[in-house]
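Fold and contact review
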Amino acid sequence: MNASAVRRLTVAQALVEFLAHQYTERDGRRHRLINATWGIFGHGNVAGIGQALLESGPDAMPYLQGRNEQAMVHAAVGFARQSNRLSAQAVTTSIGPGATNLVTGAALATVNRLPVLLLPGDIFATRPADPVLQQLEVPSAGDVSVNDCLRPVSRYFDRVMRPEALIPAALAAMRVLTDPAETGAVTLALPQDVQAEAFDWPEEFFADRVWQVRRPAADPTELAVAARTIRSARRPLIIAGGGVHHSEAEDALRALADATGIPVASTQAGKGSLRHDHPADIGGIGHTGTAVADDLARDADLVIGVGTRYSDFTTASATLFADPAVRFVNLNITPFDAHKLSATTLVADARAGLEALVRELSGHRVDETYETGYRVGKAAWERRVDAAFAADDETARPSQSQVLGALDAVVGDEDVVVNAAGSLPGDLHKLWRARSPRQYHLEYGYSCMGYEIPGAIGVRLAAPDRPVWALVGDGTYLMMPTEIVTAVQEGININVVLLQNHGYASIGALSEGIGAERFGTAYRFRAADGSYTGDPLPVDLAANAASLGMDVLRAASVRELREALAAARASDRPTCVYVETETADTVSGPPGAQAWWDVPVAETATRPAAVKAREDYDRQAAARRRHL
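Report on the accompanying structure. Note that the structure is a prediction, hence the values are computed from the model and not measured. (Residues numbered from 1 in each chain as written. Predicted model: local features only at pLDDT ≥ 70, side-chain atom pairs only at ≥ 80, totals over all residues. Heavy atoms only, no water.)

**Describing the overall build of the protein**
Each helix and strand in the protein was counted, giving 24 helices and 23 strands. Computed over C-alpha atoms, the radius of gyration of the protein comes to 25 Å, within 12% of the 25 Å expected from 2.2 N^0.38 for 628 residues, which places it in the range of a compact globule. Its C-alpha atoms give the protein principal-axis dimensions of roughly 75 × 70 × 55 Å. Looking at the protein as a whole, 57% of its 628 residues are labelled buried. Restricting to contacts in the protein with at least 6 residues of sequence separation, those with at least 24 account for 77%. Roughly 24600 Å² of accessible area belongs to the protein as shown, and the carbon and sulfur atoms make up 52% of that amount. Here the protein carries 59 positive and 75 negative side-chain charges, and the mean point of each set is 4 Å from the other. (Helix = DSSP H or I, 4+ residues; strand = E, 2+ residues; numbered from the N terminus. Rg over C-alpha atoms; globule rule 2.2 N^0.38 Å. Buried < 20%, exposed > 50% of the residue type's maximum accessible area, 1.4 Å probe, protein only. Contact = heavy atoms within 4.5 Å. Areas by Shrake-Rupley, 256 points an atom, 1.4 Å probe, with all protein chains shown as cover. Lys, Arg positive; Asp, Glu negative; His and termini not counted. Charge placed at Lys NZ, Arg CZ, Asp CG, Glu CD.)

Below, the structure written as structure tokens:
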């Protein structure tokens, strides 16, 4: 090899240099693929990736310091989603618990089809000492480490055991990260001795490389069949999933709805695909959906899924689409998802496919009575939202719905609301009025408690000019408040709305409905009978947030809450708005579930609540069907 054509670097240095020259391009716009690297250093990566990041400098590869490895992945995922999957971030950890802490974040990324590059340290490839600190010993396999936990939750996994193996591994990693049908968590496990080993790298490895993010067009035959099917339907319904946002297909979806009058419901990931006040937008679909959307779904003779994977929340556990002759047309860039529910497939990029459908359906429009009917239903639901948001007494403690109403009154089109778990996703899906495509940021594919605060940091890094709100209950906050320190350290101006309701509110309500009687869901002292039904715990989460460096505003009433939210939005510092919510039946609440969700109930029990819950379960489960 010609000496002038090579560069001698360690494996870690070469990887950082390689990543600094990777780009994506779509629609003629170029983006840096790996925008920054999050890292917590230990003996498994400090002398390799850590030294390489130091040597490369922040211009080549910006470094972000985290407090928890799982949270760093969440932040990277928030960044990638806000960036429409065109730009991502890397996360490096040591071996041992630092590496295994990545697993939950990796699962979240892969379930949600969002790109993140994971670079955990690994045991020695050369095995000079065996075992090394934190090594998992498997007597039947010498080539296993804790990083193998990441295999099932990664879209691509490789362990780089030799320096020259980095070249094909790195190229394969970039291919998967940038493939809109395959993307998710990508793991390159890096043995700590290999990270520090030097090698003569070909200069071509470090040349700028542009990865085209494809927009595959629809097959003409599939397109013609799909259009013919849509034209023949009398009660069609579009379900917009996260793929609409990933493809930046919102304008194309609106054009289709404007031209045909077909109503559009949305999954958690797809909400905001149409602005809330568009005449065809009928809100969320499924278990946490609106009454109008779920009523239309029950009567629909054709369901058009766009960029959705049809989770059980969307299909109400296979009970929602009740018309005996219902058919499906699925537009999806992933064949695996396009074929679900025995659908007529349209395998294509969401924007390209929708634009083609607009042309193919020229002149077609649904019946006027159908259009009038769903608009009446939409207006009726809006009145229910108004009632849930309203507060007759502004000096009283707010309900959770009233918290959302107060926030609705404060935010603008540019704000982003981040949530993932607890009772908030259901309330938001039913009630939130999305004003722009990227305002509604719900991680509900994995519904991971603890995502919200680091996810909001990632969103803010991707969109530094947009106000970002992390909505968290006390249960979620206690899972992972650590990245507040990161937000304060880096001056990442996020707002945290912290709702104190003294327990796992969502699972408490579910528990009550399935006969488990809220067992183990309250944050209270033990009572004399051993149950957690005593006084609320004297935990001051607002003081905790303040101790981590946030500005904290306490709100004891609806009026104080509205003032605090406005002050937080105007602040240039990371700010927490703390409010204890009212849970009594006398205050406004969201409408109940408009469709079922299958959570199996004990088939045998002696307690009356469980016996009744099983009777209800058997009645609901009888409506399940397979769409064949």
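Moving on from the model shown.
**What about helix H17 (residues 424-431)?**
Here H17 lies mainly inside the structure; eight of its eight residues are buried. Among the residues making up H17, those that are buried are Leu424, Pro425, Gly426, Asp427, Leu428, His429, Lys430 and Leu431.

**Brief notes about the packing of aromatic side chains**
Per the counting criterion, the structure on display carries 12 aromatic pairs. On the numbers, 5.4 Å between centres and 80° between planes, the contact of phenylalanine 321 with phenylalanine 328 is edge-to-face. We note that phenylalanine 321, like phenylalanine 328, is buried. Joined through ring pairs, the aromatic side chains of Phe18, Phe199, Trp201, Phe205 and Phe206 make up one cluster. Lying across the ring of tyrosine 440, lysine 271 places its NZ or CZ 5.5 Å from the centre. The positively charged end of arginine 554 is found above the aromatic ring belonging to tyrosine 578, 5.7 Å away from the centroid. (Phe/Tyr/Trp six-rings, centres within 6.5 Å; stacked < 30°, edge-to-face > 60°. Lys NZ or Arg CZ within 6 Å of the ring centre and 35° of its normal.)

**Overview of the side chain of lysine 271**
Among the structural elements, lysine 271 can be located in the loop between strand E13 (264-266) and strand E14 (281-284). Comment: no salt bridge for buried lysine 271; closest opposite-charge side chain is aspartate 281, at 5.9 Å. Here histidine 429 takes part through its backbone oxygen, which lies 3.3 Å from a polar atom of the side chain of lysine 271. Among all residues touching lysine 271, those that are not within four sequence positions of it are His245, Ser266, Gly284, Leu428, His429, Trp432, Pro437 and Tyr440. (Salt bridge = Lys/Arg side-chain N within 4 Å of Asp/Glu carboxyl O. Polar contact = N/O pair within 3.5 Å; in protein donor to acceptor, adjacent residues only side chain to side chain.)

**Remarks on the sheet that holds strand E16 (residues 327-332)**
Taken in spatial order, the six strands line up as E14-E13-E12-E15-E16-E17 in an open sheet, and their pairing is parallel. Either end of the sheet is taken by a strand with one partner, and the two such strands are E14 and strand E17 (344-347). Between one strand axis and the next, the sheet turns through 20° on average, direction left out of account. Pairing between strand E12 (residues 236-240) and strand E15 (residues 302-306): five bridges, direction parallel. (Pairing = 2+ DSSP bridges. Axes fitted to C-alpha atoms, helices over the stretch in contact; angles between N-to-C directions.)

**Section: the pairing of strand E18 (residues 416-419)**
Residues Val416 and Val418 of E18 are buried on one face, and the alternating residues Val417 and Asn419, pointing to the opposite face, are buried as well. Bridge analysis of E18 against strand E20 (residues 468-473) gives three bridges, and the strand direction is parallel. What sits directly across from valine 417, in E20, is tryptophan 469. Pairing between E18 and strand E19 (residues 440-442): three bridges, direction parallel. The residue bridging asparagine 419 from the neighbouring strand is leucine 442, located in E19. You can see the chain leave E18, run along H17 and come back into E19, and the turn it takes is right-handed. (Right-handed = clockwise from strand over helix to strand, strands pointing away.)

**Focus on the environment of valine 577**
Checked against the element boundaries, valine 577 lands in strand E23 (residues 575-580). Measuring from C-alpha to C-alpha, the distance between valine 577 and proline 467 comes to 14 Å, with 110 residues separating the pair along the chain. If sequence neighbours within four positions are ignored, valine 577 has contacts with Val496, Val497, Leu498, Leu553, Leu561, Ala564, Leu565 and Ala568.

**Describing the pattern of salt bridges**
By the definition in use, this model includes 42 salt bridges. Among the ionic pairs, arginine 159 bridges to aspartate 122, the shortest N-O distance being 2.8 Å. Of this pair, arginine 159 sits in strand E8 (residues 156-159) while aspartate 122 sits in strand E7 (residues 116-122), placing them 37 residues apart in sequence. By relative accessible area, arginine 159 is classed as buried at 15%. With a relative accessible area of 1%, aspartate 122 lands in the buried category. Close ionic contact of aspartate 616 with lysine 612 constitutes a salt bridge, the shortest N to O distance being 3.0 Å.

**Things to note about the sheet that holds strand E3 (residues 29-32)**
Taken in spatial order, the three strands make up an open sheet running E3-E2-E11, and their pairing is mixed. Each edge of the open sheet carries a strand with a single partner, namely E3 and strand E11 (209-212). Taken over all neighbouring pairs, the strand axes of this sheet differ in orientation by 35° on average, direction set aside. Relative to E11, strand E2 (residues 22-26) is paired through four bridges, and the arrangement is parallel. What sits directly across from tyrosine 23, in E11, is valine 210.

**Observations regarding the packing of helix H18 (residues 452-462) against helix H20 (residues 483-490)**
Contact geometry for H18 and H20: axes closest at 9 Å, N-to-C directions at 25°. Between H18 and H20, the angle is such that the two are roughly parallel. Residue-level contacts link Ile453, Pro454 and Ile457 of H18 to Glu483, Ile484, Thr486 and Ala487 of H20. Among the residues making up the contact of H18 with H20, the classes are represented as five nonpolar, one polar and one charged. (Parallel < 35°, antiparallel > 145°, perpendicular 65-115°, else oblique. Nonpolar A, V, L, I, M, F, W, Y, C, P; charged D, E, K, R; others polar.)

**Structural notes on the pairing of E15**
Burial of E15 is extensive: five of the five residues sit out of reach of the surface. Here E15 shows a buried face lined by Leu302, Ile304 and Val306 and a second buried face lined by Val303 and Gly305.

These values are about where atoms sit, not about what they do.
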